[in-house]
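As a plain string of letters, each chain reads:
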Amino acid sequence: MTAEIWDVIIVGAGLSGLSAAHLLRKRNAKLKILILEGKDRVGGRTVSTEIPAASGVDHWDMGGQWVGSTQTHILELIKELGLETFPQFNVGKKVHHMGGPGAKVRTYRTSIPALSPVVLMDLTQILWKIGRLCATVCVEDPSRTPNAVELDSMTLHSYIEQHAWTAELKEEMGLCSRSVFGMEPSQMSFLFFLMYAAAAGGVLQLLESAPGSAQELKIKGGTQQLSQCLADRVGWKNVRLGSAVTAIWQDAEWAKVTTTTNTFLCRAVIVTSPPHLAAKIHYQPALPSQREFLTQNMPVGHMIKFIITYQTAFWKEKGFSGEIVAGSSSECPFCVTFDATSPSGNAALVGFIAAQQASRWSSEEGGERRKAVFSSLVKYLGPEAASFLHYEEKDWAKEDYSGGCPVNVMAPGLLTYYHPSLRKPCGRIHWAGTETATLWCGYMSGAVQAGQRAALEVLAELCPMALTQEEQEAMQHSQTIKGAAKQTASSKLVYQFTKKTMVIATLAIGAALLLAQNQNALLKVKTYLTKGF
């Protein structure tokens, strides 16, 4: 059978792939573009589902759901597609439970939990240190970061063990890792963590729902609309679902892309699959060894996301925001929850079971897992939590052509030796996907940025006149990066925070009675204040 001929074939109909197709189509409407997707839907790691609710049914996101006001690429797309956002509700008391099932359950209203003076000082000093390191990271090429080899030789866990003074803060940092990456701190390079945080503007931006942070806004109607609207504009006739790519061959003239049922010829390919899935495609000739080694050693996070609908938002009536932060324990499966009330007013909570907890609880029967979730919610929010309308969950590790979420991470040693292969084209093959982004890597905005960057690379080869002078210069710059990235405006927020908190914490820790309870921490505080200033 004669192979169909296209100009560009895109592997993956998620946000990155469809953003690439959209830009290609806008710049040159004559280009023949084909998008191949293994799933039976578009959207990749975004999927919106109708769930029974107080008013009947409503839409909730079972995958990626948040955007932020500093995520320019996704916000521009939302505006172009005529969609709307609404803020994440965060008013009221937040629940904080760390230290095991028997520890005291606390509440707080600020962005930082009600920590003891010693732990607050510990948090301040480690944010200060990490903030300084983030400001030196070259996101485009982390190997150019000062002391890159040393930073990449350790895990996030080993850095925390060396620099955190208290067991409480070490537990807090573990929870942060699980909620952001779906990974334990021992599973990723510390330099990768710094790069990821720097791409977002700082560590706090990854964790908060405040303006400029990752959990600031949601999209009315759900995030899968983004991909569906893009497919409308690209043309559904150019999107083939249930067409998983199994092999890509290329020579001096053509690339040949094969699925289980068809073969296609094209002049350029954009692969947007997550690295662990891109590694399963057979390439001929074989990809450079650095690229192969990189993608075969980028594990993906593990998250189980659940949505629970209620007749009323009882937590708001009781003065709670719906946000719960819980440490890893044998009783509570989830690490964090948020209010998920829809724009139409249907009450709901969203929560995440992540990393080691996800691995453990995914092996339990669904009924046992749900029972443990509600038992914990009753403990934290009251008996009303047991009177729900519907419970819906999604284990992303079991999703075909995803195999996990929210992002692939890098183990120690990969960034300094293999990172350039992440974005570097291999002949006619170009790479996209949120993992390849330099702004908000790992998020929907990063997926859009990466897709647009790959599209510009293809345009530079097939029809360079479609690029602006600024875009041509930007692409040349990206290929010859010099020096480390400068401190960003958002990373300065970390310094403003730490300066204020440093004063408060230092005054509080001046109470000798409190410090006497932790002589080891006192010694470290004295050492830090002597050397750090």
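Residues numbered from 1 in each chain as written. Predicted model: local features only at pLDDT ≥ 70, side-chain atom pairs only at ≥ 80, totals over all residues. Heavy atoms only, no water.

Participant: So what exactly am I meant to see when it comes to the side chain of K218 here?
Facilitator: Structurally, K218 is set in strand 9 (residues 217-219). The buried charged residue K218 lacks any salt bridge partner; its closest oppositely charged side chain belongs to D339, at an N-O distance of 5.0 Å. For K218, the side chain forms a polar contact with the side chain of Q88, separated by 3.4 Å. (Helix = DSSP H or I, 4+ residues; strand = E, 2+ residues; numbered from the N terminus. Buried < 20%, exposed > 50% of the residue type's maximum accessible area, 1.4 Å probe, protein only. Lys, Arg positive; Asp, Glu negative; His and termini not counted. Salt bridge = Lys/Arg side-chain N within 4 Å of Asp/Glu carboxyl O. Polar contact = N/O pair within 3.5 Å; in protein donor to acceptor, adjacent residues only side chain to side chain.)

Participant: Explanation requested: the packing of helix 3 (residues 117-134) against helix 7 (residues 190-200) in the structure shown.
Facilitator: Following both chains from N to C, one finds helix 3 and helix 7 inclined at 80°, their axes separated by 9 Å at the closest point. Comparing the axis directions of helix 3 and helix 7 gives the class roughly perpendicular. Across the interface between the two elements, I130, L133 and C134 from helix 3 touch F190, F193, L194, A197 and A198 from helix 7. Within the contact of helix 3 with helix 7, the residues separate by chemical class into eight nonpolar, no polar and no charged. (Axes fitted to C-alpha atoms, helices over the stretch in contact; angles between N-to-C directions. Parallel < 35°, antiparallel > 145°, perpendicular 65-115°, else oblique. Contact = heavy atoms within 4.5 Å. Nonpolar A, V, L, I, M, F, W, Y, C, P; charged D, E, K, R; others polar.)

Participant: Explain the pattern of salt bridges here, please?
Facilitator: Between side chains of opposite charge, pairing is possible as soon as their charged atoms come close. Counted by the stated rule, this structure contains 17 salt bridges. Here E399 makes a salt bridge to R41, at a shortest N to O gap of 2.9 Å. Highlighted residues: E399 in the loop between strand 19 (390-395) and helix 15 (414-418) and R41 in the loop between strand 2 (33-36) and strand 3 (48-53), separated in sequence by 358 residues. Each member of the pair, E399 as well as R41, is classed as buried. Note that K170 and E161 form a salt bridge whose closest N and O atoms lie 3.4 Å from each other. Among the residues examined, K170 registers a relative accessible area of 27% and is labelled partly exposed. What makes E161 partly exposed here is its relative accessible area of 38%. Members of the salt-bridge network, linked through shared partners, are K39, R41, K394 and E399.

Participant: Can you help me understand the pairing of strand 11 (residues 245-250) in this one?
Facilitator: Where strand 11 lies against strand 12 (residues 255-259), five bridges are found, and the strand directions are antiparallel. Across the sheet, the residue bridging to I248 is V257, located in strand 12. Counting the residues that bridge the hairpin from strand 11 to strand 12 gives four residues. Here three bridges tie strand 11 to strand 14 (residues 282-284), and the two strands are oriented parallel to one another. Counterpart to I248 in the pairing with strand 14 is Y283. (Pairing = 2+ DSSP bridges.)

Participant: Just checking my understanding: could you explain the UniProt feature "binding site: FAD" (unreviewed entry) in the protein chain for this structure?
Facilitator: When the UniProt feature table is mapped to this numbering, "binding site: FAD" (unreviewed entry) covers S16, V245 and E435. Relative to the elements of secondary structure, S16 occurs in helix 1 (residues 15-27). When near neighbours in sequence (up to four residues on either side) are disregarded, S16 contacts T272, A432, G433, A447, A450 and G451. Here the side chain of S16 touches G433 through a polar contact of 2.9 Å, landing on its backbone nitrogen. Tracing the sequence through the fold places E435 in the loop between strand 20 (429-431) and helix 16 (444-462). Aside from chain neighbours lying at most four places away, what touches E435 is R45, P274, P275, M298, V407, N408, L422 and C441. Of note is the side chain of E435, whose polar atom sits 3.1 Å from the side chain of R45. (UniProt positions renumbered as here; feature names shortened; annotations may be inferred.)

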